[in-house]
Amino acid sequence: MNYVSTRGNAPAVDFVSASLAGLAPDGGLYSPETFPEIARPGVSATYPDIAVRILKAFAGDSLDEEIIRGLVDRAYAPFAHKSVAPLTQVGPGRWMLELHHGPTLAFKDVAMRLIAQLYDHILGERGERMTILCATSGDTGGAAAAAFAGSSNVDLVILHPLDRVSPTQRLFMTATGASNVHNLALEGDFDGTQAILKRLLADEQFRRRTHLAAVNSINWTRVAAQSVYFAQAQAQLGAETRIRFVVPTGNFGDALAGYVAARSGLLTGFECVAAVNANDALARLLEGNALTRGATQPTLSPAMDIQLPSNFERLLFEAAGRDGAIVARAYDQLAATGKSDLPKEAIRSLGEMGLSAERVSDAETLEEMRRTHAETGWIVCPHTAVGLAAARRGEFPEGAIVTLATAHAAKFPETVEKALGVRLDLPERAADFATRQEVFAVGPMSEAFVRDRIDSIVRGR
Ligand SMILES: *Cc1c(COP(=O)(O)O)cnc(C)c1O
């Protein structure tokens, strides 16, 4: 199984290389050369069984099944729920896919724990040490910090936008106490941190010198790991059931994972509603507007305060008939002018592929938190509420509507209090975080600042 760049101008690499590289050398994202046809799991398959089957298909010859089984078992052992991603019914024909049973209470744990196991395995075998860079809108940083804390093969450098993450999100990524985890709070928004990460990775010399890799949602292993819960939901709801997945969307990692599951034969089809907050570039794009790099607007669902969803590039690659030149042109134009007109046929084919988008405002988010609580007794996080609000729109009598519950409500106690007037404490498995010391450095949103920091970390080891 080989991986090619979405910009069509880099050599194909195997699964392990794609995972370690993060970004392809031409600035594109790695996608499988062809999608495997993966047999659908039965209803009795366990989460680790499904994960092994899917990862083996995407890893091809580059990892043995036995090794994958070990990585998967270690990654998912600390989850608070045995099925890792249980389905909960929230109404007639409507379900919630709970992805927040990991150690840092958001879905990012699912893929990040697997990546950490994979990296430790590969680097341990090669006797190498790497610097891993991670730009986060809030939850990826915490998941990475928890997953890599104490690893003897990795220095983790997390970039987060200063004051744009919730205090609890920040706590998870700054209070691990591990000396190999470094956190930088940059003055600006998430898109800025992501742009710095991409530029540093594209600097071949710097990348080699510091042994740099990225574990953002652009990392293919994350996408593959996240496709597992889509497959499990399909298996549990019945092999023939049509499912509309409603995905609270920021960087488009989860939505893409759904597409990948469908393309690999694991779903009855691909019907995906990307639920977005006021940062609605994706919705505007699907309405036929240009892709633009506007300023992000802070909302009550901060992990989705992203204007340019990175992983969208992979779906665009498919919509453009896998013509890397079209994708490269679109993103070059965007980089040069802040705006890019995608070919009309590509946009039309995105719709035909089964993707749509729904916008949900902050007021609607709070209202949905109250309504879900009144109807079911569940307290949901604001991101999940964006999805649940979108899920109420439109009828779907012929199938099941599954909304991804992307984080635990206790990660956003301020917003829960605003909506419901109650104060949530962290669940017991995470409670001791609240007593720990936070460590992070504040700096400008500048490539030079991050570069210097990484150089000094590498010199110091
Ligand atoms: C990351 C995140 C999202 C957005 O997911 P993407 O895969 O980036 O689209 C939504 N909700 C929560 C809680 C998140 O942490």
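Above this text you will find the structure in question.
Residues numbered from 1 in each chain as written. Predicted model: local features only at pLDDT ≥ 70, side-chain atom pairs only at ≥ 80, totals over all residues. Heavy atoms only, no water.

Draft legend 1. Local environment of the packing of helix H4 (residues 108-126) against helix H5 (residues 139-148). Here H4 crosses H5 at 40°, and the two axes come no closer than 9 Å. For the element pair H4 and H5, the recorded crossing hand is right-handed. Of H5, the residues touching H4 (which contributes Lys108, Asp109, Met112, Arg113, Ile115, Ala116 and Tyr119) are Asp139, Thr140, Ala143, Ala144, Ala146, Ala147 and Phe148. (Axes fitted to C-alpha atoms, helices over the stretch in contact; angles between N-to-C directions. Helix = DSSP H or I, 4+ residues; strand = E, 2+ residues; numbered from the N terminus. Left-handed = near helix turned anticlockwise from the far one by under 90°. Contact = heavy atoms within 4.5 Å.)

Draft legend 2. Highlighting the pairing of strand E5 (residues 94-98). Burial analysis of E5 places four of its five residues in the buried class, the great majority of the element. The pairing of strand E4 (residues 87-91) with E5 spans four bridges and is classified as antiparallel. Opposite Gln89, over in E5, you have Trp95 as the bridge partner. Counting the residues in the hairpin turn of E4 and E5 gives two residues, including Gly93, whose phi is positive at 70°. Bridging between E5 and strand E15 (residues 399-405) involves five bridges; their strand directions are parallel. Directly across from Glu98, in E15, lies its bridge partner Ala405. (Buried < 20%, exposed > 50% of the residue type's maximum accessible area, 1.4 Å probe, protein only. Pairing = 2+ DSSP bridges.)

Draft legend 3. Looking closely at the sheet that holds strand E6 (residues 130-135). Read across the open sheet, the five strands follow the order E9-E6-E7-E8-E16; overall the sheet is parallel. Looking at strand neighbours, the two that pair on one side only are strand E9 (212-214) and strand E16 (441-444), the edges of this open sheet. Within this sheet the neighbouring strands show an average axis-to-axis angle of 30°, counted without direction. Inspection of the sheet shows E6 paired to E9 by three bridges, in the parallel sense. Across the sheet, residue Thr131 finds its bridge partner in E9, namely Leu212. The strands touched by helix H7 (residues 190-202) within the sheet are E6, strand E7 (154-161), strand E8 (181-187) and E9, with E6 carrying the most contacts at an inclination of about 150°.

Draft legend 4. Molecular detail of the site of the ligand. Close contacts around the ligand come from 15 residues, with Lys108, Asp139, Gly250, Asn251 and Thr406 the closest. Side-chain polar atom of Lys108 to an oxygen atom of the ligand: 2.6 Å apart, as the coordinates give it. With respect to the ligand, the backbone of Asp254 contributes an N or O atom lying 3.0 Å from an oxygen atom. Coverage of the ligand by the protein chains reaches 98% of its 380 Å² of free accessible surface. (Near = heavy atom within 4 Å. Polar contact = N/O pair within 3.5 Å; in protein donor to acceptor, adjacent residues only side chain to side chain. Areas by Shrake-Rupley, 256 points an atom, 1.4 Å probe, with all protein chains shown as cover.)

Draft legend 5. Structural view of the packing of H7 against helix H18 (residues 447-459). Relative orientation of the contacting elements H7 and H18 amounts to 60°, with a least axis distance of 10 Å. Taken as axis vectors, H7 and H18 run oblique relative to one another. Regarding H7 and H18, the two cross each other, and that crossing is right-handed. Here H7 contributes Ile196, Arg199 and Leu200 to the contact with H18, which in turn contributes Glu447, Val450, Arg451 and Ile454. Considering only residue class, the contact of H7 with H18 consists of four nonpolar, no polar and three charged. (Parallel < 35°, antiparallel > 145°, perpendicular 65-115°, else oblique. Nonpolar A, V, L, I, M, F, W, Y, C, P; charged D, E, K, R; others polar.)

Function cannot be inferred from these measures alone, as they are strictly geometric.
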